[in-house]
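Each chain is listed here by its residues.
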Amino acid sequence: MNLLFAATELSPYAKTGGLADVLAALPAALRRRGHSVACVLPLFRSIRETLPDLRPTDLVLTAPLGAGLPSARIWEGHTDRDIRVFLVEKEEFFDRTYLYGPPGKDYADNASRFFFFSKIVPLLARHVRPTPEILHLHDWHTGLVPVLVRAGRLPFRTLFTIHNLAYQGSFWGLDFPLTNLPPDYFSPAGIEFHEHINCLKAAIVFSDRLTTVSPRYAQEIQTPEFGCGLAEVLRERKYKLSGILNGADYSRWDPRNDPLLPMRYSASEPDAKRLSKDLVAKQVGWVPSGAPLFCLISRLTAQKGIPLLLEIIDEIRKEDGRLVVLGEGDPHWQESLLGLAREFSNSVAVHIGFDEAFARLLLAGADFLLMPSLFEPCGLTQLYALRYGTLPIARETGGLADTITSWDPVAGQGTGFLFQAPVASAFAEAVQRAKAVYRDPPSFRAMRQQAMRQEFSWERSAAAYEEIYQRLLGGAAAD
Ligand code: ADP
């Protein structure tokens, strides 16, 4: 099959979260299965600076944007996996420091930026050879593409993947002229939602098929608690919605071959893990210790349960427990965490920023990874943590529920510590369970071995997507 992926992130060239890792891995896994896959992204500054073999093509595409008629030159390059990437060059939109806006903020012209990108995607698809039959679209930035395909009766099938329902691309109705769609599309049956344009809703209504990134999250988002207002819209279309778990790319995320780690280790020879723990301590200015080391590696947003972490800091610090946080995001959470680090400088260290090498060192050196997420569509960090032998302590939701099994002390089985209610006491109790296992080295070792042997391969995910593509090509549009 011939597939064109459209998205705004691609590791390592443009990344703010897990979406980038999916775009790096899934096309490559599909190609291994014999399909032809290309990607299209905006030519963000970071991509311009880092993508190898990037060059302009002769192709210039023009799309109306309200009263304007802007053009974009298409560039072309290849990822380090040799996946062909097309880039939409529009300097005034995409040549900026951040992808979406400074931490905690959105650029004021995001409607123009991503409506324009969405308009270019189907135009480009007509020029790509071999011609794609399926446009596989990711998150709200590409949400208008299924609408444009349907409205223009274009010869593509659309699959839209929701990586996070909380980000919807909602803009006031005054921006509707920027879509250049007929006025009746701004209605409850169309792309309007509570008097706003809602790009995610647009994709949910107009795409031929919908997926999200774990089976549990596919169920959860149809309920008011997790539906972010769109539960009803999704429930009405559950016949075309399924959940496919993301994989972990073990060629990049495995302590046996991670080039960014100072020392390698494996499930059968885990000694270097201890040395990595000492290195983490040194890096944050502590004397190495044998006490349990917790880490949090995350965007700092309400989704990630940061308030719960702030509330249980005393529980973590008991028995000399230590915490290292790596993250960036909401300035309010950044400040609160930095305040803790100032107050408890011997046991809490906070590094604000996006730092992949340090993330990997933490995954290698910590004993436990904290993920108290209020919701988690899939979560990749816990998949990596499992492989690095860092046991996740996580809320039982979304992909966390689908990928972690809670430690059962009687059976001696499990790969992490799950808690259910999104409250500090439940999280603190999970931390206590983790510390109890830590105090019992044979159990702790057994658990770590089980965690490191888990397999969440992209091959399995790619096979599941392939089935959906096949059904899309075999049948009529679902909606
Ligand atoms: P999300 O997509 O919601 O951000 P995931 O767990 O799916 O969450 O993916 C997050 C990815 O980003 C992981 O690869 C994680 O290691 C990485 N990451 C998150 N924050 C940071 C940071 N501050 N520095 C380096 N890597 C980070």
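All of these numbers come straight from a predicted model, not from anything done at the bench.

**Student:** Got a sec to walk through the pattern of salt bridges? Specific residues and values, please.
**Tutor:** Taken as a whole and judged by the stated rule, the model has 34 salt bridges. Among the ionic pairs, Asp-258 bridges to Arg-360, the shortest N-O distance being 2.9 Å. One end of the pair, Asp-258, is in the loop between strand 12 (241-243) and helix 9 (271-283); the other, Arg-360, is in helix 13 (residues 356-365), with 102 residues separating them in the sequence. Arg-360 shares its class with Asp-258; the two are buried. Across the pair Arg-448 and Asp-367 runs a salt bridge whose closest N-O atoms are separated by 3.2 Å. Here Arg-448, found in helix 17 (residues 441-452), pairs with Asp-367, found in the loop between helix 13 and strand 16 (368-371); they are 81 residues apart in sequence, far enough to count as distant. On the basis of relative accessible area, Arg-448 is assigned to the buried category, the value being 14%. A single network of salt bridges, built from pairs that share partners, joins Asp-53, Arg-55, Glu-76 and Arg-84.

**Student:** Describe in detail unusual backbone geometry, supporting the description with residues and values.
**Tutor:** In this structure, Pro-12 follows Ser-11 across a cis peptide bond, with omega equal to -5°. The omega torsion across Arg-129 and Pro-130 is -5°, close enough to zero to call that bond cis. Checked against the element boundaries, Pro-130 lands in the loop between helix 4 (110-125) and strand 6 (134-138). In this structure, Glu-195 takes a positive phi of about 65° despite not being glycine. Relative to the assigned elements, Glu-195 resides in the loop between strand 9 (192-193) and strand 10 (196-198).

**Student:** If you had to explain the site of the ligand to someone new, which residues and values would you point to?
**Tutor:** Within the structure, the ligand sits among 20 residues, and Gly-18, Arg-299, Lys-304, Gly-353 and Thr-381 are positioned closest to it. One of the side-chain nitrogen or oxygen atoms of Arg-299 is found 2.7 Å away from an oxygen atom of the ligand. The contact in question runs from an oxygen atom of the ligand to an N or O atom on the side chain of Thr-381, over 2.7 Å. Among the elements of the structure, helix 1 (18-32), strand 13 (293-300), strand 14 (322-329), helix 13 and helix 14 (381-387) are those that each provide at least two residues to the shell around the ligand. The biggest single contributor to the shell around the ligand is strand 13, with three residues.

**Student:** How would you sum up the sheet that holds strand 16? Please name residues and give values.
**Tutor:** Strand order in the open sheet formed by six strands is 15-14-13-16-17-18, with parallel pairing between adjacent strands. At either margin of the open sheet sits one strand with a lone partner, and together these are strand 15 (348-352) and strand 18 (417-419). Direction aside, neighbouring strands of the sheet carry axes that sit 15° apart on average. In the sheet, strand 17 (residues 391-395) pairs with strand 18 via three bridges, with the strands oriented parallel. Within the sheet, the bridge partner assigned to Ala-394 lies in strand 18 and is Leu-418. Contacting strand 13, strand 14 and strand 15, helix 12 (residues 331-343) runs over the sheet at an angle of about 145° to strand 15.

**Student:** Can you lay out the layout of surface pockets for me, pointing to particular residues and giving the numbers?
**Tutor:** There is about 360 Å³ of room inside the second largest pocket. In this structure, the second largest pocket is lined by 16 residues; those nearest its centre are Arg-274, Asp-367, Phe-444, Arg-445 and Arg-448. Elements with a contribution of two residues or more to the lining of the second largest pocket: helix 9 and helix 17. In terms of residue count, helix 17 provides more of the lining of the second largest pocket than any other element does, six residues in total. Its residues placed into classes, the lining of the second largest pocket shows six nonpolar, three polar and seven charged.

**Student:** Any chance you could break down helix 16 (residues 424-438) for me, citing the residues and the numbers?
**Tutor:** The terminal C-alpha atoms of helix 16 lie 21 Å apart, and with 15 residues this matches the ideal 21 Å at 1.5 Å per residue to within 8%. Within helix 16, burial applies to Ala-424, Ala-426, Phe-427, Ala-428, Ala-430, Val-431, Ala-434, Lys-435, Val-437 and Tyr-438.

**Student:** Please provide a residue-by-residue account of the sheet that holds strand 8 (residues 170-172), values included.
**Tutor:** Here we have three strands laid out as an open sheet, ordered 8-10-9, and antiparallel in their pairing. Of all the strands in the sheet, the pair left with one neighbour each is strand 8 and strand 9. When strand 9 meets strand 10, the two strands line up antiparallel, connected through two bridges. When the bridges of strand 10 are listed, Phe-193 appears paired with His-196. Sitting on the sheet, helix 6 (residues 199-206) is in contact with strand 8, strand 9 and strand 10, with an inclination near 55° to strand 10.

Criteria and thresholds
Residues numbered from 1 in each chain as written. Predicted model: local features only at pLDDT ≥ 70, side-chain atom pairs only at ≥ 80, totals over all residues. Heavy atoms only, no water. Salt bridge = Lys/Arg side-chain N within 4 Å of Asp/Glu carboxyl O. Helix = DSSP H or I, 4+ residues; strand = E, 2+ residues; numbered from the N terminus. Buried < 20%, exposed > 50% of the residue type's maximum accessible area, 1.4 Å probe, protein only. Near = heavy atom within 4 Å. Polar contact = N/O pair within 3.5 Å; in protein donor to acceptor, adjacent residues only side chain to side chain. Pairing = 2+ DSSP bridges. Axes fitted to C-alpha atoms, helices over the stretch in contact; angles between N-to-C directions. Contact = heavy atoms within 4.5 Å. 1 Å grid on protein atoms, 1.4 Å probe; cavity = no way out; pocket = protein on both sides within 12 Å on 5 of 7 lines; lining within 4 Å. Points joined across faces, edges and corners; volume = space filled by probe spheres on them. Nonpolar A, V, L, I, M, F, W, Y, C, P; charged D, E, K, R; others polar. Expected span 1.5 Å × (residues − 1).

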